[in-house]
Amino acid sequence: MTRRDTLALAGLAALTPQLQAAANTKWPITEGPGTPKLCLGGPRDPASLRGYRQLGIDHLIGGGPPGPLPWSVEAIAAEIAKCKEAGVTLANMMMTGFHNAIYNRPGRDRDIENVIQTIRNAGRAGLPVIEYNWYAHRAMEGYFEETGRAGLGHTGFDYERMRNLPPLPEEGAHSLDTMWNNITYFLKAVVPEAEKAGVRLALHPNDPPPLYSRGSGQIMSTLAGWKRLIDIFDSPANGITFDCGVTRELGEDPVPVLRYFGERKRINHMHYRNVIVHKPYERYTEVSIDEGQVDMFAVMKEVVRLKYTGPIYPEHPRALDYDREAAKPAGGIKGYPGGGGFAGTAFCVAYARAMLQAALASA
(Lines give C-alpha, C1' and ligand atoms only; values in the text may rest on other atoms or scores of the structure.)
Protein backbone atom coordinates (compact mmCIF):
# COMPACT_ATOMS: atom_id res chain seq x y z
CA MET A 1 0.00 0.00 0.00
CA THR A 2 1.41 3.37 -1.01
CA ARG A 3 1.54 6.43 1.23
CA ARG A 4 -1.18 7.98 -0.94
CA ASP A 5 -3.42 4.94 -0.37
CA THR A 6 -2.84 5.14 3.37
CA LEU A 7 -3.75 8.84 3.45
CA ALA A 8 -6.86 8.20 1.34
CA LEU A 9 -8.05 5.47 3.69
CA ALA A 10 -7.40 7.67 6.70
CA GLY A 11 -9.40 10.46 5.13
CA LEU A 12 -12.24 8.10 4.29
CA ALA A 13 -12.29 6.81 7.85
CA ALA A 14 -12.51 10.35 9.16
CA LEU A 15 -15.46 11.06 6.87
CA THR A 16 -17.28 7.79 7.57
CA PRO A 17 -19.63 9.18 10.29
CA GLN A 18 -20.67 12.07 8.05
CA LEU A 19 -21.10 9.78 5.04
CA GLN A 20 -23.16 7.35 7.11
CA ALA A 21 -25.33 10.20 8.40
CA ALA A 22 -25.90 11.41 4.86
CA ALA A 23 -26.71 7.87 3.67
CA ASN A 24 -29.32 7.48 6.41
CA THR A 25 -30.97 10.82 5.68
CA LYS A 26 -34.38 10.75 4.07
CA TRP A 27 -34.50 13.02 1.05
CA PRO A 28 -35.54 15.62 0.32
CA ILE A 29 -34.53 17.37 3.52
CA THR A 30 -37.15 19.96 4.44
CA GLU A 31 -37.30 22.72 6.99
CA GLY A 32 -39.13 21.99 10.21
CA PRO A 33 -39.52 23.05 13.84
CA GLY A 34 -35.96 21.97 14.67
CA THR A 35 -34.18 23.51 11.66
CA PRO A 36 -33.30 27.01 10.48
CA LYS A 37 -35.87 28.56 8.12
CA LEU A 38 -34.85 30.27 4.90
CA CYS A 39 -36.70 33.54 4.48
CA LEU A 40 -36.94 36.50 2.14
CA GLY A 41 -37.78 40.12 2.62
CA GLY A 42 -39.97 42.13 0.32
CA PRO A 43 -43.52 43.17 -0.58
CA ARG A 44 -46.46 41.23 0.81
CA ASP A 45 -48.81 41.55 -2.16
CA PRO A 46 -50.32 38.32 -3.57
CA ALA A 47 -48.04 38.17 -6.63
CA SER A 48 -44.87 38.59 -4.56
CA LEU A 49 -46.02 36.04 -1.99
CA ARG A 50 -46.68 33.57 -4.80
CA GLY A 51 -43.17 34.20 -6.14
CA TYR A 52 -41.59 33.50 -2.75
CA ARG A 53 -43.54 30.26 -2.46
CA GLN A 54 -42.41 29.20 -5.92
CA LEU A 55 -38.83 29.42 -4.60
CA GLY A 56 -39.78 27.21 -1.66
CA ILE A 57 -39.77 30.07 0.82
CA ASP A 58 -42.20 29.60 3.71
CA HIS A 59 -41.04 32.47 5.95
CA LEU A 60 -40.99 36.19 5.29
CA ILE A 61 -39.54 39.31 6.88
CA GLY A 62 -40.12 42.94 5.99
CA GLY A 63 -41.23 46.34 7.09
CA GLY A 64 -44.01 47.05 9.51
CA PRO A 65 -47.64 47.91 8.79
CA PRO A 66 -48.38 51.26 7.12
CA GLY A 67 -48.28 54.32 9.35
CA PRO A 68 -46.24 55.51 12.32
CA LEU A 69 -45.55 53.77 15.62
CA PRO A 70 -47.13 52.30 17.59
CA TRP A 71 -48.31 49.44 15.38
CA SER A 72 -51.74 48.24 16.45
CA VAL A 73 -52.61 44.63 17.22
CA GLU A 74 -55.06 44.67 14.34
CA ALA A 75 -52.52 46.00 11.83
CA ILE A 76 -49.89 43.43 12.80
CA ALA A 77 -52.43 40.61 12.78
CA ALA A 78 -53.61 41.66 9.33
CA GLU A 79 -50.08 41.37 7.91
CA ILE A 80 -49.62 37.96 9.56
CA ALA A 81 -52.96 36.77 8.17
CA LYS A 82 -52.14 38.03 4.66
CA CYS A 83 -48.98 35.92 4.67
CA LYS A 84 -50.66 32.89 6.23
CA GLU A 85 -53.31 32.87 3.52
CA ALA A 86 -50.50 32.49 0.98
CA GLY A 87 -48.83 29.72 2.98
CA VAL A 88 -46.10 31.93 4.43
CA THR A 89 -45.19 32.66 8.06
CA LEU A 90 -44.34 36.27 8.88
CA ALA A 91 -41.28 35.80 11.10
CA ASN A 92 -39.97 39.31 11.65
CA MET A 93 -40.79 42.95 10.91
CA MET A 94 -38.40 45.90 10.83
CA MET A 95 -39.31 48.71 13.23
CA THR A 96 -38.40 52.32 12.40
CA GLY A 97 -39.62 55.78 13.37
CA PHE A 98 -38.06 56.49 16.78
CA HIS A 99 -35.28 58.94 15.91
CA ASN A 100 -35.82 61.05 19.01
CA ALA A 101 -34.79 58.03 21.07
CA ILE A 102 -31.73 57.37 18.90
CA TYR A 103 -30.51 60.97 19.13
CA ASN A 104 -31.83 61.84 22.64
CA ARG A 105 -34.00 64.67 21.39
CA PRO A 106 -37.19 66.11 22.87
CA GLY A 107 -39.83 63.43 22.57
CA ARG A 108 -37.43 60.58 23.38
CA ASP A 109 -39.63 59.10 26.10
CA ARG A 110 -42.67 59.35 23.85
CA ASP A 111 -40.79 57.45 21.14
CA ILE A 112 -39.87 54.77 23.67
CA GLU A 113 -43.47 54.45 24.81
CA ASN A 114 -44.48 53.95 21.16
CA VAL A 115 -41.84 51.25 20.81
CA ILE A 116 -43.01 49.52 24.00
CA GLN A 117 -46.64 49.59 22.87
CA THR A 118 -45.60 48.20 19.48
CA ILE A 119 -43.75 45.35 21.19
CA ARG A 120 -46.74 44.56 23.42
CA ASN A 121 -49.05 44.54 20.41
CA ALA A 122 -46.64 42.35 18.45
CA GLY A 123 -46.71 39.82 21.26
CA ARG A 124 -50.50 39.83 21.32
CA ALA A 125 -50.65 39.39 17.55
CA GLY A 126 -48.11 36.56 17.53
CA LEU A 127 -45.11 38.23 15.86
CA PRO A 128 -41.99 36.60 17.41
CA VAL A 129 -39.19 39.00 16.36
CA ILE A 130 -38.83 42.73 15.79
CA GLU A 131 -35.68 43.94 14.02
CA TYR A 132 -34.36 47.49 14.28
CA ASN A 133 -31.34 49.70 13.52
CA TRP A 134 -29.45 52.23 15.62
CA TYR A 135 -27.48 54.22 13.07
CA ALA A 136 -26.23 57.67 13.91
CA HIS A 137 -25.77 57.81 10.13
CA ARG A 138 -25.80 54.98 7.61
CA ALA A 139 -22.70 55.28 5.41
CA MET A 140 -24.34 54.51 2.06
CA GLU A 141 -22.54 57.39 0.31
CA GLY A 142 -19.55 55.05 0.05
CA TYR A 143 -21.38 52.59 -2.21
CA PHE A 144 -20.65 52.24 -5.92
CA GLU A 145 -21.16 49.59 -8.58
CA GLU A 146 -18.48 47.12 -9.55
CA THR A 147 -18.75 44.19 -11.93
CA GLY A 148 -17.83 40.55 -11.56
CA ARG A 149 -17.93 37.52 -13.82
CA ALA A 150 -19.47 38.26 -17.21
CA GLY A 151 -20.64 41.66 -15.99
CA LEU A 152 -22.44 40.43 -12.88
CA GLY A 153 -23.36 43.38 -10.66
CA HIS A 154 -21.32 43.75 -7.47
CA THR A 155 -21.72 46.40 -4.76
CA GLY A 156 -18.48 48.09 -3.78
CA PHE A 157 -17.88 50.22 -0.69
CA ASP A 158 -15.03 52.69 -0.24
CA TYR A 159 -14.91 54.88 2.85
CA GLU A 160 -12.67 57.39 1.02
CA ARG A 161 -15.71 58.45 -0.99
CA MET A 162 -17.34 59.84 2.15
CA ARG A 163 -14.63 60.15 4.81
CA ASN A 164 -14.80 63.95 5.01
CA LEU A 165 -18.52 64.47 4.48
CA PRO A 166 -20.07 66.80 7.09
CA PRO A 167 -22.93 65.87 9.44
CA LEU A 168 -26.43 66.18 8.02
CA PRO A 169 -28.59 68.86 9.67
CA GLU A 170 -31.38 66.41 10.46
CA GLU A 171 -28.93 64.02 12.15
CA GLY A 172 -26.20 66.15 13.69
CA ALA A 173 -22.92 64.77 15.05
CA HIS A 174 -22.85 62.45 18.06
CA SER A 175 -19.94 60.99 19.96
CA LEU A 176 -19.61 57.26 20.43
CA ASP A 177 -20.18 57.64 24.18
CA THR A 178 -23.37 59.59 23.52
CA MET A 179 -24.72 56.90 21.24
CA TRP A 180 -23.94 54.21 23.82
CA ASN A 181 -25.69 56.24 26.52
CA ASN A 182 -28.72 56.63 24.28
CA ILE A 183 -29.12 52.94 23.51
CA THR A 184 -28.48 51.96 27.12
CA TYR A 185 -31.38 54.17 28.20
CA PHE A 186 -33.51 52.66 25.42
CA LEU A 187 -32.72 49.01 26.17
CA LYS A 188 -33.26 49.29 29.92
CA ALA A 189 -36.75 50.62 29.23
CA VAL A 190 -37.67 48.35 26.33
CA VAL A 191 -36.13 44.90 26.92
CA PRO A 192 -38.14 44.08 30.09
CA GLU A 193 -41.31 44.78 28.14
CA ALA A 194 -40.13 42.58 25.27
CA GLU A 195 -39.53 39.74 27.76
CA LYS A 196 -43.07 40.08 29.09
CA ALA A 197 -44.51 40.16 25.57
CA GLY A 198 -42.55 37.12 24.38
CA VAL A 199 -40.94 39.15 21.60
CA ARG A 200 -37.25 39.08 20.75
CA LEU A 201 -35.41 42.15 19.48
CA ALA A 202 -32.73 41.90 16.78
CA LEU A 203 -30.39 44.86 16.27
CA HIS A 204 -28.65 44.77 12.90
CA PRO A 205 -24.91 45.64 12.89
CA ASN A 206 -23.72 48.77 11.12
CA ASP A 207 -23.58 48.04 7.40
CA PRO A 208 -21.45 49.60 6.00
CA PRO A 209 -19.30 49.47 9.17
CA PRO A 210 -16.92 52.47 9.24
CA LEU A 211 -16.23 53.54 12.82
CA TYR A 212 -17.33 57.13 12.14
CA SER A 213 -19.89 58.28 9.60
CA ARG A 214 -20.58 61.98 8.92
CA GLY A 215 -19.02 62.92 12.23
CA SER A 216 -20.84 60.38 14.41
CA GLY A 217 -19.60 57.28 16.21
CA GLN A 218 -21.29 54.01 15.25
CA ILE A 219 -21.99 51.61 18.12
CA MET A 220 -22.51 48.45 16.02
CA SER A 221 -19.46 48.80 13.77
CA THR A 222 -17.10 46.55 15.78
CA LEU A 223 -17.26 43.08 17.28
CA ALA A 224 -16.54 44.64 20.67
CA GLY A 225 -19.62 46.80 20.15
CA TRP A 226 -21.80 43.79 19.37
CA LYS A 227 -20.65 42.11 22.57
CA ARG A 228 -21.16 45.26 24.59
CA LEU A 229 -24.72 45.56 23.30
CA ILE A 230 -25.86 42.17 24.59
CA ASP A 231 -24.19 42.85 27.95
CA ILE A 232 -26.21 46.04 28.55
CA PHE A 233 -29.26 43.95 29.39
CA ASP A 234 -28.73 40.23 29.88
CA SER A 235 -31.72 38.69 28.12
CA PRO A 236 -32.42 36.61 25.00
CA ALA A 237 -34.87 39.38 24.13
CA ASN A 238 -31.84 41.67 23.67
CA GLY A 239 -30.25 40.07 20.62
CA ILE A 240 -28.71 40.82 17.26
CA THR A 241 -29.15 40.07 13.60
CA PHE A 242 -26.04 38.03 12.83
CA ASP A 243 -24.68 38.84 9.35
CA CYS A 244 -21.75 36.73 8.16
CA GLY A 245 -21.00 39.27 5.42
CA VAL A 246 -20.75 42.20 7.82
CA THR A 247 -18.66 40.06 10.17
CA ARG A 248 -16.10 39.59 7.40
CA GLU A 249 -16.26 43.32 6.59
CA LEU A 250 -14.91 43.89 10.10
CA GLY A 251 -12.02 41.54 9.37
CA GLU A 252 -13.46 38.86 11.66
CA ASP A 253 -13.96 35.13 11.06
CA PRO A 254 -17.74 34.58 10.94
CA VAL A 255 -17.73 31.06 12.42
CA PRO A 256 -16.31 31.82 15.91
CA VAL A 257 -18.32 35.05 16.03
CA LEU A 258 -21.46 33.09 15.19
CA ARG A 259 -20.56 30.58 17.89
CA TYR A 260 -20.07 33.34 20.51
CA PHE A 261 -23.53 34.83 20.03
CA GLY A 262 -25.27 31.56 19.19
CA GLU A 263 -24.14 29.80 22.35
CA ARG A 264 -25.53 32.74 24.34
CA LYS A 265 -28.87 32.55 22.48
CA ARG A 266 -28.54 36.13 21.27
CA ILE A 267 -29.03 35.57 17.54
CA ASN A 268 -32.66 36.46 16.87
CA HIS A 269 -32.32 36.80 13.11
CA MET A 270 -29.62 36.01 10.55
CA HIS A 271 -28.42 37.36 7.20
CA TYR A 272 -26.43 35.14 4.83
CA ARG A 273 -24.23 36.66 2.12
CA ASN A 274 -20.65 36.85 0.86
CA VAL A 275 -18.03 39.56 0.47
CA ILE A 276 -14.42 40.25 -0.47
CA VAL A 277 -12.68 42.61 1.97
CA HIS A 278 -9.80 44.75 0.77
CA LYS A 279 -9.43 46.75 3.99
CA PRO A 280 -11.54 45.95 7.07
CA TYR A 281 -14.22 48.54 7.85
CA GLU A 282 -13.37 50.71 4.85
CA ARG A 283 -13.09 48.91 1.49
CA TYR A 284 -14.91 45.79 0.38
CA THR A 285 -17.00 44.31 -2.43
CA GLU A 286 -20.29 42.47 -2.00
CA VAL A 287 -20.04 39.52 -4.38
CA SER A 288 -22.11 36.52 -5.40
CA ILE A 289 -23.00 34.18 -2.55
CA ASP A 290 -20.89 31.38 -4.08
CA GLU A 291 -17.64 33.39 -4.15
CA GLY A 292 -15.83 35.61 -1.73
CA GLN A 293 -14.02 35.15 1.58
CA VAL A 294 -16.82 33.76 3.74
CA ASP A 295 -16.89 29.95 4.00
CA MET A 296 -20.65 29.72 3.59
CA PHE A 297 -20.80 25.97 4.26
CA ALA A 298 -18.81 26.33 7.48
CA VAL A 299 -21.23 29.06 8.59
CA MET A 300 -24.27 26.90 7.80
CA LYS A 301 -22.78 23.87 9.57
CA GLU A 302 -22.21 25.99 12.67
CA VAL A 303 -25.79 27.28 12.49
CA VAL A 304 -27.04 23.68 12.47
CA ARG A 305 -24.66 22.66 15.26
CA LEU A 306 -25.97 25.50 17.41
CA LYS A 307 -29.52 24.27 16.81
CA TYR A 308 -30.59 27.71 15.63
CA THR A 309 -34.19 27.50 14.43
CA GLY A 310 -34.84 31.10 13.43
CA PRO A 311 -34.97 32.73 9.99
CA ILE A 312 -31.96 32.98 7.67
CA TYR A 313 -32.15 35.60 4.94
CA PRO A 314 -29.95 34.97 1.84
CA GLU A 315 -29.85 38.66 1.08
CA HIS A 316 -28.28 41.18 -1.30
CA PRO A 317 -28.76 39.34 -4.61
CA ARG A 318 -26.41 40.35 -7.40
CA ALA A 319 -27.61 42.00 -10.61
CA LEU A 320 -27.96 39.50 -13.46
CA ASP A 321 -28.72 40.67 -16.98
CA TYR A 322 -32.15 39.05 -16.74
CA ASP A 323 -33.09 41.32 -13.84
CA ARG A 324 -31.76 44.40 -15.59
CA GLU A 325 -33.62 43.62 -18.82
CA ALA A 326 -36.85 42.32 -17.34
CA ALA A 327 -36.96 44.98 -14.63
CA LYS A 328 -38.18 42.51 -12.01
CA PRO A 329 -37.02 43.87 -8.67
CA ALA A 330 -39.18 41.63 -6.43
CA GLY A 331 -37.04 40.46 -3.56
CA GLY A 332 -34.11 42.54 -4.77
CA ILE A 333 -32.26 45.48 -3.33
CA LYS A 334 -33.27 49.07 -3.92
CA GLY A 335 -30.61 51.76 -3.50
CA TYR A 336 -27.68 49.34 -3.76
CA PRO A 337 -25.57 49.81 -6.91
CA GLY A 338 -25.04 46.41 -8.49
CA GLY A 339 -27.92 44.87 -6.56
CA GLY A 340 -30.20 42.40 -8.31
CA GLY A 341 -33.82 41.33 -8.42
CA PHE A 342 -35.87 38.15 -8.61
CA ALA A 343 -33.39 36.12 -10.68
CA GLY A 344 -30.53 37.03 -8.36
CA THR A 345 -32.73 36.21 -5.39
CA ALA A 346 -33.56 32.78 -6.85
CA PHE A 347 -29.83 32.03 -7.16
CA CYS A 348 -29.22 33.05 -3.53
CA VAL A 349 -32.11 30.93 -2.26
CA ALA A 350 -31.02 27.87 -4.25
CA TYR A 351 -27.45 28.15 -2.99
CA ALA A 352 -28.51 28.68 0.62
CA ARG A 353 -30.91 25.73 0.47
CA ALA A 354 -28.14 23.48 -0.85
CA MET A 355 -25.89 24.60 2.01
CA LEU A 356 -28.66 24.01 4.55
CA GLN A 357 -29.56 20.57 3.22
CA ALA A 358 -25.91 19.50 3.14
CA ALA A 359 -25.33 20.79 6.67
CA LEU A 360 -28.41 18.99 8.00
CA ALA A 361 -27.46 15.77 6.18
CA SER A 362 -23.95 15.75 7.62
CA ALA A 363 -24.92 16.76 11.18
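See the structure above.
Residues numbered from 1 in each chain as written. Predicted model: local features only at pLDDT ≥ 70, side-chain atom pairs only at ≥ 80, totals over all residues. Heavy atoms only, no water.

**Quick word on the nonpolar core**
Proteins that are soluble and globular tend to have nonpolar side chains buried together. Core analysis: the biggest nonpolar cluster contains 92 residues, and F98, Y132, W134, I183, F186 and Y272 have the highest contact counts within it. Of all the elements, helix α6 (residues 176–197) adds the most residues to this core, at nine residues. If sequence neighbours within four positions are ignored, W134 has contacts with F98, A101, I102, M179, N182, I183, F186, L203 and I219. (Core = buried A, V, L, I, M, F, W, Y, C linked by side-chain atoms within 4.5 Å. Buried < 20%, exposed > 50% of the residue type's maximum accessible area, 1.4 Å probe, protein only. Helix = DSSP H or I, 4+ residues; strand = E, 2+ residues; numbered from the N terminus. Contact = heavy atoms within 4.5 Å.)

**Comments concerning a nonpolar patch on the surface**
A grouping of L176, L211 and Y212 is seen on the molecular surface, where their side chains present a nonpolar patch of about 260 Å² in accessible area. Summarising the element assignment, L176 is placed in helix α6. (Patch = residues over 30% accessible without salt bridge, like charges linked within 9 Å, V, L, I, M, F, W, Y side chains within 5 Å. Areas by Shrake-Rupley, 256 points an atom, 1.4 Å probe, with all protein chains shown as cover. Salt bridge = Lys/Arg side-chain N within 4 Å of Asp/Glu carboxyl O.)

**Side note on the pattern of salt bridges**
Tallied over the full model, the rule gives 24 salt bridges. The salt bridge involving R44 is made with E79; its shortest N-O contact spans 2.7 Å. Of this pair, R44 sits in the loop between β1 (37–41) and α2 (46–54) while E79 sits in helix α3 (residues 73–85), and the two are 35 residues apart along the sequence. The pair R44 / E79 is uniform in exposure class, with both members buried. The closest approach of N and O atoms between R120 and E193, which form a salt bridge, is 3.1 Å.

**Some details on the packing of aromatic side chains**
All told, the structure shown has ten aromatic pairs when counted by the stated rule. Here the aromatic rings of F98 and F186 are separated by 5.7 Å at their centres, their planes lie at 10°, and the arrangement is stacked. In this pair, F98 is assigned in the loop between β3 (89–95) and α4 (99–103) and F186 in helix α6, connecting sequence segments 88 residues apart. Of the two residues, F98 and F186, both sit in the buried class. Centroid distance Y143 to F157: 5.9 Å. Interplanar angle 80°. Geometry classified as edge-to-face. Taken together, the residues Y143 in strand β5 (residues 143–147) and F157 in strand β6 (residues 153–158) connect sequence positions 14 residues apart. (Phe/Tyr/Trp six-rings, centres within 6.5 Å; stacked < 30°, edge-to-face > 60°.)

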